[in-house]
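Read off the chains here:
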Amino acid sequence: MSDIISIKDINLAGKKVFIRCDFNVPQDDFLNITDDRRIRSAIPTIRYCLDNGCSVILASHLGRPKEISSKYSLEPVAKRLARLMSKDVIMAKDVIGEDAKNKATNLKAGEILLLENLRFEKGETKNDENLAKELASFAEVYINDAFGVCHRAHSSVEAITKFFDEEHKGAGFLLQKEIDFAQNLIKYPTRPFVAVVGGSKVSGKLQALTNLLPKIDKLIIGGGMAFTFLKAQGYDIGNSLLEEGLIEEAKNILTKGKELGVKIYLPVDVIAAQTCSQEAVMKYVPIQEIPAGWMGLDIGPASGRLFREVLADAQTIWWNGPMGVFEIDKFSKGSIKMSHYISESNATTVVGGGDTADVVARARDTDEMTFISTGGGASLELIEGKELPGVKPLKAKVIE
Ligand code: AMP
């Protein structure tokens, strides 16, 4: 288990609690929330506080507003949360303005207040201490349950922790679950442990790959990043995605894998097209036969079968990154099939990254996975072995 201070270690009874949530939910053109997983994930912590006689002040960011705009208001989140909890949610008109202050001061036990989008305050992303101090003044206890932003030193994530001592700050249930899962995965995986990586860039996952190699038994590489590895092996990859500057690094990973006895698998065939669009003419080709001017946009059927074989005896599977350009139907089959193979296995299955969670949802496999991380960047940084700025201040000090 982690050494992080849990909400359960704090005497909450009757206190005013500030909970940093991650309500950064996707919305359609009419501002309807299209996926409320992040809101639902926050409920256990909120309920726990209410059951302890607390009043609860919730805060989150939503999108990347350049200025205050109703488009980025958390109002729809307040409505959805109220519906999910069958309980009123008071909405503040601002973050630390008069309305928020009044409502926070007058908040009674059992009531929920949601502040406006934290990023309406310029100081939020600058880790501004003045903003943090104002936010901290609203409550007696600080709880962080926003795993998705823990890799960022923002005011409501990092600076704010300076205004609470160890008895008055800690991690909510969601944050704790995320950290425990990532730590257990790295420290005590049941073997064989297979990592499946994909997505567009080697650069974004290089550190995670390097950190994972000594811990895993097999590595499957798909998606756009596979082509830098295929190029490193001497294949002609046509116009496929390539990070020229990382070919040497890819060679190093392949060599290191060999030294460590990690079996590494790359696609043996691809779906190729001349343009990345639904209208493009496509063909299935072995990777030896990618025509000049064409690019690989999904793994082919033979690769799918190969990867299914590789996964067959896995006891732990960690998946981050789609196998192809899954956003376009034509090139989504490889990723959808990978989701099915992983979800049908008997292994402990851990999925990280927003895109990958999206693939799993489209494949209707969400309920079949053991754990789907709510934070893309944060989950990758945990696997990379980094200490997250939002988590570090919540660690209990060891008394010698
Ligand atoms: P990442 O953010 O690195 O996990 O990358 C996710 C993105 O990778 C998705 O938007 C996919 O469309 C893209 N992707 C996956 N496979 C390929 C490919 N073969 N060529 C280009 N982009 C790809």
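What counts as what
Residues numbered from 1 in each chain as written. Predicted model: local features only at pLDDT ≥ 70, side-chain atom pairs only at ≥ 80, totals over all residues. Heavy atoms only, no water. UniProt positions renumbered as here; feature names shortened; annotations may be inferred. Pairing = 2+ DSSP bridges. Helix = DSSP H or I, 4+ residues; strand = E, 2+ residues; numbered from the N terminus. Contact = heavy atoms within 4.5 Å. Axes fitted to C-alpha atoms, helices over the stretch in contact; angles between N-to-C directions. Domains from an automatic or database assignment. Buried area = accessible area lost by both parts, 1.4 Å probe. Salt bridge = Lys/Arg side-chain N within 4 Å of Asp/Glu carboxyl O. Polar contact = N/O pair within 3.5 Å; in protein donor to acceptor, adjacent residues only side chain to side chain. Phe/Tyr/Trp six-rings, centres within 6.5 Å; stacked < 30°, edge-to-face > 60°. Buried < 20%, exposed > 50% of the residue type's maximum accessible area, 1.4 Å probe, protein only. Lys NZ or Arg CZ within 6 Å of the ring centre and 35° of its normal. 1 Å grid on protein atoms, 1.4 Å probe; cavity = no way out; pocket = protein on both sides within 12 Å on 5 of 7 lines; lining within 4 Å. Points joined across faces, edges and corners; volume = space filled by probe spheres on them. Nonpolar A, V, L, I, M, F, W, Y, C, P; charged D, E, K, R; others polar. Parallel < 35°, antiparallel > 145°, perpendicular 65-115°, else oblique.

Going by an unreviewed UniProt entry, the protein carries the name Phosphoglycerate kinase and comes from Campylobacter sp. CCS1377. In UniProt, the protein has this text filed under Catalytic activity (unreviewed entry): "(2R)-3-phosphoglycerate + ATP = (2R)-3-phospho-glyceroyl phosphate + ADP". In its Sequence similarities (unreviewed entry) section, the UniProt record describing the protein reads: "Belongs to the phosphoglycerate kinase family."

> I'd like a rundown of the sheet that holds strand β4 (residues 112–114), residues and numbers included.
Sheet strands pair via backbone hydrogen bonds, and the direction of the pair is either parallel or antiparallel. The strand order across the open sheet formed by six strands is β3-β4-β2-β1-β5-β6, and the pairing between neighbours is parallel. Strands with a single pairing partner mark the edges of an open sheet, and in this sheet they are β3 (90–91) and β6 (169–171). Summarising the sheet, β3 and β4 pair through two bridges and their orientation is parallel. In the strand pairing of β4, Met91 is matched with Leu114. Packed onto the sheet, helix α2 (residues 75–85) meets β2 (55–59), β3 and β4 and runs at close to 155 degrees relative to β4.

> Can you break down the domain arrangement of the protein residue by residue, with the values?
Domains assigned within the protein are domain 1 (7–176) and domain 2 (189–383). Averaged C-alpha coordinates put domain 1 and domain 2 at centres separated by 35 Å. Each side of the interface is counted separately: domain 1 has eight residues, and domain 2 has 10 residues. The contact between domain 1 and domain 2 buries some 740 Å² in all, and 63% of this surface belongs to carbon and sulfur atoms. When the buried area of domain 1 at its contact with domain 2 is split by residue, Arg37, Phe147 and His151 rank highest and sum to 72% of it. At the boundary of domain 1 with domain 2, the tally comes to zero salt bridges. Inspection of the domain 1/domain 2 interface yields zero residue pairs in polar contact (both at pLDDT 80 or more).

> Could you give an account of the packing of aromatic side chains, naming the residues involved and the relevant values?
In the structure shown here, the tally under the stated rule is four aromatic pairs. Centroid distance Phe18 to Tyr142: 6.0 Å. Interplanar angle 25 degrees. Geometry classified as stacked. Within this pair, whereas Phe18 is found in strand β1 (residues 16–20), its partner Tyr142 is found in strand β5 (residues 141–144), the two being separated by 124 residues in sequence. For Phe18, a relative accessible area of 0% corresponds to the buried category. For Tyr142, a relative accessible area of 0% gives the class buried. The interplanar angle of 85 degrees and the centroid separation of 5.2 Å between the aromatic rings of Tyr48 and Phe173 together place this pair among those described as edge-to-face. Taken together, the residues Tyr48 in helix α1 (residues 37–51) and Phe173 in helix α5 (residues 173–187) connect sequence positions 125 residues apart. Overall, the relative accessible area of 21% leaves Tyr48 in the partly exposed class. Here a set of aromatic residues connected by ring pairs shows up, and it is made of Phe18, Tyr142 and Phe164. Between the NZ or CZ atom of Lys283 and the centre of the ring of Trp294, over which it lies, the distance is 4.6 Å.

> Residue-level account of the layout of surface pockets, with values.
Space inside the largest pocket adds up to approximately 670 Å³. As for the largest pocket, its lining consists of 31 residues, of which Gly353, Gly354, Asp355, Ala357 and Asp358 are closest to the centre. Tallying contributions element by element places helix α11 (residues 354–362) first for the lining of the largest pocket, with six residues. Tallied by class, residues from the lining of the largest pocket come to seven nonpolar, 17 polar and seven charged. Shared between two domains, the lining of the largest pocket takes at least three residues from each, and those domains are domain 1 (7–176) and domain 2 (189–383). Within this model, the second largest pocket holds a volume of roughly 500 Å³. What lines the second largest pocket is a set of 26 residues, among which His61, Gly63, Arg64, Arg119 and His154 lie closest to the centre. Here the element with the most residues in the lining of the second largest pocket is helix α12 (residues 376–383); it accounts for three residues. Of the residues contributing to the lining of the second largest pocket, the split by class is five nonpolar, 11 polar and 10 charged. Here the lining of the second largest pocket gathers at least three residues from each of two domains, domain 1 (7–176) and domain 2 (189–383).

> Residues and numbers for the pattern of salt bridges, please.
In the structure shown here, the tally under the stated rule is 13 salt bridges. Between Arg40 and Asp36 there is a salt bridge, with its nearest N and O atoms 2.7 Å apart. For Asp36, a relative accessible area of 12% gives the class buried. Sharing partners across several salt bridges, the network here consists of Asp3, Glu387 and Lys395.

> Could you give an account of the packing of helix α10 (residues 333–344) against α11, with specific residues and numbers?
Running from amino to carboxyl end, α10 crosses α11 at an angle of 80 degrees, the nearest separation of the two axes being 9 Å. Put simply, α10 runs roughly perpendicular to α11. On α11, the residues that touch Ser335, Ile336 and Ser339 of α10 are Val359, Val360 and Arg362. Looking at the contact of α10 with α11 residue by residue, the classes come out as three nonpolar, two polar and one charged.

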